[in-house]
Amino acid sequence: MNKHTGTTPTIPTVDLEPAARQIAELLPGIHEQQLTGPTPCPDYTVRELLAHVAGLATAFRDAARKDFGPTTDTAPGAALPVLAEGWRETLPTLLDELVTAWRAPAARQGMTRAGGVDLPGDVAAMVVLDELVIHGWDLARSTSQKYEPDEESLRVSLAMLTPSDAAPRPESVFGPPVPVAADAPLVDRAVAMSGRRPDWQPGD
């Protein structure tokens, strides 16, 4: 609730398609020799980051459907993710299914579960959008590709990552924010708020 107006902030209705499409468009540009390379996620190689994206797409697809089970109940850090064979074909399909699932009005109604955490459906939609935006940047930067997320998705991501009295920043999930100029590009501000250096390169 806004402590100044006494009103509850409006959670935007987000469409995952632009952010999901950005990731799908990166996949053809990822070369086999890059799969063992580093990413801005210290514990993940490119291969493991791709596996993580596949896992979160599956988990949040099922969260939208309220189809609870191992995919929604398992914490993401429970084990190092393993990339399945045929990921170039299956990952775009998973991303499409994720987008479709969250376009259903019922997805945002009531409570759902992902990563073993219960949360409101409309909040879960914002969480997965932030995951797509930031991990899209991770993949692009790790494989030396351009990344041009849409402004609306970036603004939702930045809002999710920016701490407030009502929603403290989960330091266990994100590293400490990296300082950037107030007039830095929106993508740099979102990335920095997630604990990543906007100028990160694979050789760092």
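Residues numbered from 1 in each chain as written. Predicted model: local features only at pLDDT ≥ 70, side-chain atom pairs only at ≥ 80, totals over all residues. Heavy atoms only, no water.

Caption draft 1: Here's a closer look at the overall build of the protein. The helix and strand tally for the protein stands at seven helices and two strands. Helices and strands appear in the protein in the N-to-C order α-α-α-α-β-β-α-α-α. A buried classification covers 45% of the 204 residues belonging to the protein. When contacts within the protein are restricted to residue pairs at least 6 apart in sequence, those whose partners lie at least 24 apart make up 70%. Looking at the protein as shown, the accessible area adds up to about 10,500 Å², and 56% of this sits on carbon and sulfur atoms. (Helix = DSSP H or I, 4+ residues; strand = E, 2+ residues; numbered from the N terminus. Buried < 20%, exposed > 50% of the residue type's maximum accessible area, 1.4 Å probe, protein only. Contact = heavy atoms within 4.5 Å. Areas by Shrake-Rupley, 256 points an atom, 1.4 Å probe, with all protein chains shown as cover.)

Caption draft 2: Spotlight on unusual backbone geometry. In the Ramachandran plot, Lys66 falls in the positive-phi region, its phi being about 60° despite a non-glycine side chain. Mapped onto the elements of the fold, Lys66 is located in the loop between helix H2 (46–65) and helix H3 (70–73). The class of Lys66 is partly exposed, set by a relative accessible area of 27%. Phi angles above zero are rare outside glycine, and Ser144 is one such case at about 55°. Inspection of the secondary structure puts Ser144 in the loop between helix H5 (121–142) and helix H6 (151–161).

Caption draft 3: Layout of the pattern of salt bridges. Tallied over the entire structure, the rule returns 11 salt bridges. Residue Arg88 is joined to Glu32 by a salt bridge in which the shortest nitrogen-to-oxygen separation is 3.3 Å. Of the two residues, Arg88 sits in helix H4 (residues 87–103) while Glu32 sits in the loop between helix H1 (17–26) and H2, which places them 56 residues apart along the sequence. (Salt bridge = Lys/Arg side-chain N within 4 Å of Asp/Glu carboxyl O.)

Caption draft 4: Inspection of the nonpolar core at higher detail. One finds Leu16, Leu50, Phe60, Leu98, Trp102, Leu132 and Leu139 to be the most contacted residues of the largest nonpolar core, which totals 57 residues. Among the elements of the structure, H1, H2, H4, H5, H6 and helix H7 (186–193) are those that each provide at least two residues to this core. Discounting chain neighbours no more than four positions away, the residues touching Leu139 are Ile23, Leu26, Val46, Leu49, Leu50 and Val53. (Core = buried A, V, L, I, M, F, W, Y, C linked by side-chain atoms within 4.5 Å.)

Caption draft 5: Structural view of the packing of H1 against H5. Relative orientation of the contacting elements H1 and H5 amounts to 25°, with a least axis distance of 9 Å. Classified by the interaxial angle, the pair formed by H1 and H5 is roughly parallel. Here H1 and H5 pass one another in a crossing that is left-handed. Only Leu129, Leu132, Val133, Gly136, Leu139 and Ala140 of H5 make contact with H1, whose side of the interface consists of Ala19, Ala20, Ile23 and Leu26. (Axes fitted to C-alpha atoms, helices over the stretch in contact; angles between N-to-C directions. Parallel < 35°, antiparallel > 145°, perpendicular 65-115°, else oblique. Left-handed = near helix turned anticlockwise from the far one by under 90°.)

Caption draft 6: Summary view of H4. Its 17 residues give H4 an end-to-end C-alpha distance of 24 Å, which sits within 8% of 24 Å, the value for a rise of 1.5 Å per residue. Within the sequence span of H4, burial applies to Trp87, Leu91, Leu94, Leu95, Leu98, Val99, Ala101 and Trp102. Down the axis of H4, the sector holding all buried residues measures 165°, keeping them to one side. Opposite the buried face of H4, at more than 90 degrees from it, the exposed residues are Glu89, Asp96, Thr100 and Arg103. Of the surrounding elements, those touching the buried residues of H4 are H1, H2 and H5. (Expected span 1.5 Å × (residues − 1). Arc of directions from axis to C-beta.)

Caption draft 7: Broad picture of H1. Looking only at H1, the buried set comprises Pro18, Ala19, Ala20, Gln22, Ile23 and Leu26. On its buried side, H1 packs onto H2, H4, H5 and H6.

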